[in-house]
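# Examination of the molecular architecture
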Amino acid sequence: MAAVIERGARDSRSTFAKIVNDERNRSIFWQVIVFGLIGYVCWYLFTNTAANLEARGMSSGFDFLGTNAGFDIAWSIIPYEPQDTFGRVYLVGLTNTLAVSLLAIVLTTILGFIIGVLRLSHNWLISTMAAWYVEIFRNTPLLLQIIFWYTAVFSVLPRPKQSIDIGGIGLFELNNRGLYFPEPQPGDLFWITMLAIFVAIATVYFLAVWAKRRQLTTGERFPVFWTSLGILFGLPIVVFLVTGSPLAWSIPELKGFNFQGGTSLPPSFLALFFALVIYHSSYIAENVRAGILSVSHGQTEASYSLGLKPGWTLRLIIIPQALRAIMPPLISTWMTVVKNSSLAVAIGFPDLVSVFMQTSINIGGHAIEIVAMVMLFYSSVSLIISAALNYYNTRVQLKER
Amino acid sequence: MASVESQSGDVIVFTPKASKPPPPTTVGVLGWLRENLFYSWFSAIVTFAALYLIFITFAALYQWGIADAVWEAESRRQCLDASPHGACWAGIIVWFNGIIYGRFPLDEQWRVDLGFILLVLWLAPFWFPRLTGKIGIGITAVVFYPFLAGYLFAGGERGWFMQTMVLLAVTVFITNWLHIVVSMVTGRSLREWVVGVTGFADKHERLHKYPMLGFQGIVLIGVYLWLGNWSVSEVNTNLWGGLFLTLLISVLAIVTALPGGVALALARRSHMPVIRVSAIAFIELFRSVPLITVLFMAVTMMPLFLPPDFQLNKLVQAIIGVCLFAAAYMAEVVRGGLQAVPNGQYEAAKAMGLTYWKSMNLIILPQALKLMIPNIVSNFLGLVKDTTLVSIIGLYDMLLMLKAAGQNPIWIGLHTEPLVFGAIVYFILCFAMSQYSQALERKLKTTR
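Our subject in this report is the structure included herewith.

Quick notes on the rules
Residues numbered from 1 in each chain as written. Chains lettered and ligands numbered in written order. Predicted model: local features only at pLDDT ≥ 70, side-chain atom pairs only at ≥ 80, totals over all residues. Heavy atoms only, no water. Helix = DSSP H or I, 4+ residues; strand = E, 2+ residues; numbered from the N terminus. Rg over C-alpha atoms; globule rule 2.2 N^0.38 Å. Buried < 20%, exposed > 50% of the residue type's maximum accessible area, 1.4 Å probe, protein only. Contact = heavy atoms within 4.5 Å. Buried area = accessible area lost by both parts, 1.4 Å probe. Salt bridge = Lys/Arg side-chain N within 4 Å of Asp/Glu carboxyl O. Polar contact = N/O pair within 3.5 Å; in protein donor to acceptor, adjacent residues only side chain to side chain. Nonpolar A, V, L, I, M, F, W, Y, C, P; charged D, E, K, R; others polar. Pairing = 2+ DSSP bridges. Axes fitted to C-alpha atoms, helices over the stretch in contact; angles between N-to-C directions. Phe/Tyr/Trp six-rings, centres within 6.5 Å; stacked < 30°, edge-to-face > 60°. Parallel < 35°, antiparallel > 145°, perpendicular 65-115°, else oblique.

### As for the overall build of chain A
Counting its regular elements, chain A contains 12 helices and eight strands. Computed over C-alpha atoms, the radius of gyration of chain A comes to 30 Å, more than 25% over the 21 Å expected from 2.2 N^0.38 for 401 residues, which places it beyond the range of a compact globule. Here the C-alpha coordinates of chain A stretch approximately 110 × 75 × 50 Å along the principal axes. Across the 401 residues that make up chain A, the buried fraction comes to 38%.

Following this line, the structure appears as structure tokens:
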């Protein structure tokens, strides 16, 4: 009897304890608390912002994108005039950022692979030099390097009259106003050549798919590489010649104090580009080295004992496995290149942050909208790149049990 | 030694000849050279080309930096007159103080030195062998040191809060070092020693904290009598700069990023959707945008976000921006560590009946953080480099001081030398740290 009462008492006491100690209830409780806190902080910031905006008589909203910007931009890929709108400024900054980043990504990858392979060189002097290249450029701040290239290299070049003629053929001229080089001017029928290039790429793709399928079913190999090379270059060149070479070149020529014709890249572009390439190539070099070292030597030996030639071993055994280790950090380095191109603001290269986040805010206000738009751009680039990375990872992942 | 009896009965003993020395081209310097530099005709050409490249680089650097350099001058004009194509190190010598301390008043610079010496002394025990309570010392460094250093750097009147924190910081610093000395001498911790001396050793363990608290109270009273009225003059944060500011921002960022990063990483791995999603949103937002946009945001938008009567100065805004940014990056480092801890450890902790926080504090985090120490150090290294960005929003960190040297009317045009000097300083700092992190990585690998 007593035992029953006791159990009953314990039960009644534990209904409350049960609710409190239930993991689901606790998790709901904490989530409500966190949600409330975040909500409160957001509300607090929002009311403050609204009050501040009203006190300063500032308007909000995205209408300003249609208004006249009224300032000039030193260099842009897409045409821009001072009377264009803020929306246009956004596009100009965006394309400039993408232009310098894409160019830097391509070159930094190539240079990084070269340095990474050199670090593994059997020649002690070469591997040591490569190691010091990596250490020196990785251990100094990128911003310092950018400013160094800008103030100590590209700003103290000779005047246009004493330009440095790169290659000695009179086509590439380097002076303190930048790099001048010939500009292609496509004629009326040039679009046919462009079409031919796309057709060639598509053909090569389907050729590769077909050749692989044929090899899998019949075991016969098809010389894909040389055929592709022939199609890629042959088709556009033939089309180009047949349509009557519809492409003229505008050559830069010294007239008076400056160059006329051709096109040019400003010193700020060159400084940013060089610094980005050199700084990030040191990171890529380390990735490449680690990736190649991560493929165990047994793989090479196994491949040799199967009778594969050294070239095939490298192409079919080592590189695919090394790439699995190299690609993820490589792609995140590309992301870093895009983000770090924003340091352009320090040397006045008109990238997105410089023209939109600095100049536009100073001239037209609308800080919140502008910051949101800039962040949107970088976040989308980052999302796209990480989506690509995830896709790659799932494709190449080791099928392990 | 093998011996054989021949047919005639003589014993033939086999005695080997002494082995010949290896060919001279495979050993010693010559052998090394052949092995590593001249193993084929192609490698020989490459070696000579590389040697030539090294020679012309170093010859040019020597000519510019040492042979033609000017060490004593009063202006850049004098430098150029003395040697038009050499480095003007005289400018660096004149600007040296500014590059290190910014515009901090000369008479007060001992405070900066003292602040950094205190930090080194505070953290030095981490490298002492056989010392207990290192984690406690680390926590006191995070909790108390910033206030002491902050007061040393900023100075001025102390409010009651600052007074308490400064006095507590000094007290903790003294007891930390007493603990170290006692441990070194007696092999027991300060707590055990105090308990033993006061005769509490045979009392219940629950009472052992009181003699220690009493001891700390006595030290605190001593400190109060000693430093209660001590004060230093105020130095406006506008005057902070140079390497001092660079290190200050990086140290502050890492000190806040570590706990922040741990919290965010745990939140990101939480099973509660609201907490997880908020952590992911925060981390991914800050990781996907460049630091410079975060800094611009801190400077242009923070004044809009806060009430009008509560405005922060630019340094504080920048530090908040850098700290948020660093915490997001640190969160990913910690998450990597949490993922590297084998699942069995989580399950074992659960099976032992430990609560979430106990299993994290006692089982998971110690292992995860130990795994990640090299990454944390290299993250810190990245932060030191990234703090140069505060120069873009106009804080006089080392980089902006270096640029300022070339904009001064007397030294106008002095751009290359300051940047080279700055590059060397950053290189020494970062290279030492990266070597250290690699050494740590090797050390931790062998112990596992």
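After presenting the structure, the write-up continues.
### Here's the deal with the interface of chain B and chain A
Quoted interface sizes are often the accessible area lost when the parts come together. At the junction of the two partners, chain B supplies 57 residues and chain A supplies 52 residues. Between chain B and chain A, the buried area comes to about 4600 Å², and carbon and sulfur atoms account for 74% of it. It is Leu304, Phe305 and Lys385 of chain B that lose the most area in chain B upon contact with chain A, and together they represent 14% of the buried surface on that side. The tally of links from chain B across to chain A stands at zero salt bridges. Counting the contacts that link chain B with chain A gives 16 residue pairs in polar contact (both at pLDDT 80 or more). For the side of chain B that touches chain A, the secondary-structure elements that each account for two or more residues are α1 (28-36), α2 (41-67), α12 (273-288), α13 (291-305), α16 (356-386), α17 (398-407) and α18 (416-447) of chain B. At 12 residues, the largest contribution of residues to the side of chain B that touches chain A is made by α18 of chain B. Residue composition of the side of chain B that touches chain A, by class: 38 nonpolar, 15 polar and four charged.

### What to know about the sheet that holds strand β3 (residues 178-181) of chain A
Residue and element names in this part refer to chain A. Spatial strand order, β1-β2-β3-β8: four strands in an open sheet with antiparallel pairing. Strands with a single pairing partner mark the edges of an open sheet, and in this sheet they are β1 (164-166) and β8 (263-265). With strand direction ignored, the average angle separating the axes of adjacent strands in the sheet is 25°. Here β1 runs beside strand β2 (residues 172-175); their pairing, made up of three bridges, is antiparallel. Counterpart to Asp165 in the pairing with β2 is Glu173.

### Here we look at the packing of aromatic side chains
Residues and elements named next belong to chain B. Under the defined criterion, the tally for this structure stands at 47 aromatic pairs over all chains. When the centroid spacing of 6.3 Å and the interplanar angle of 75° are considered together, the rings of Phe126 and Trp127 count as edge-to-face. Since its relative accessible area comes to 34%, Phe126 is described here as partly exposed. Assessed through its relative accessible area of 57%, Trp127 is described here as exposed. An angle of 70° between the planes, with centres 5.6 Å apart, marks the rings of Tyr151 and Trp230 as edge-to-face.

### Topic: the packing of helix α2 (residues 23-55) of chain A against α13 of chain B
Following both chains from N to C, one finds α2 of chain A and α13 of chain B inclined at 95°, their axes separated by 7 Å at the closest point. Considering their axes alone, α2 of chain A and α13 of chain B lie roughly perpendicular with respect to each other. Where α2 of chain A approaches α13 of chain B, its residues Leu45, Asn48, Thr49, Asn52 and Leu53 of chain A are matched on the opposing element by Pro303, Leu304 and Phe305 of chain B.

### Overview of the pairing of β3 of chain A
Residues and elements named next belong to chain A. Bridge count between β2 and β3: three bridges; the pairing is antiparallel. Bridge pairing in β3 links Leu174 to Leu179. If you look at the hairpin formed by β2 and β3, you'll find two residues sitting between the two strands. As paired elements, β3 and β8 share three bridges and run antiparallel to each other. Each bridged residue has a counterpart across the sheet, and for Leu179 the counterpart in β8 is Leu265.

Function-wise, these values are silent; they only describe arrangement.
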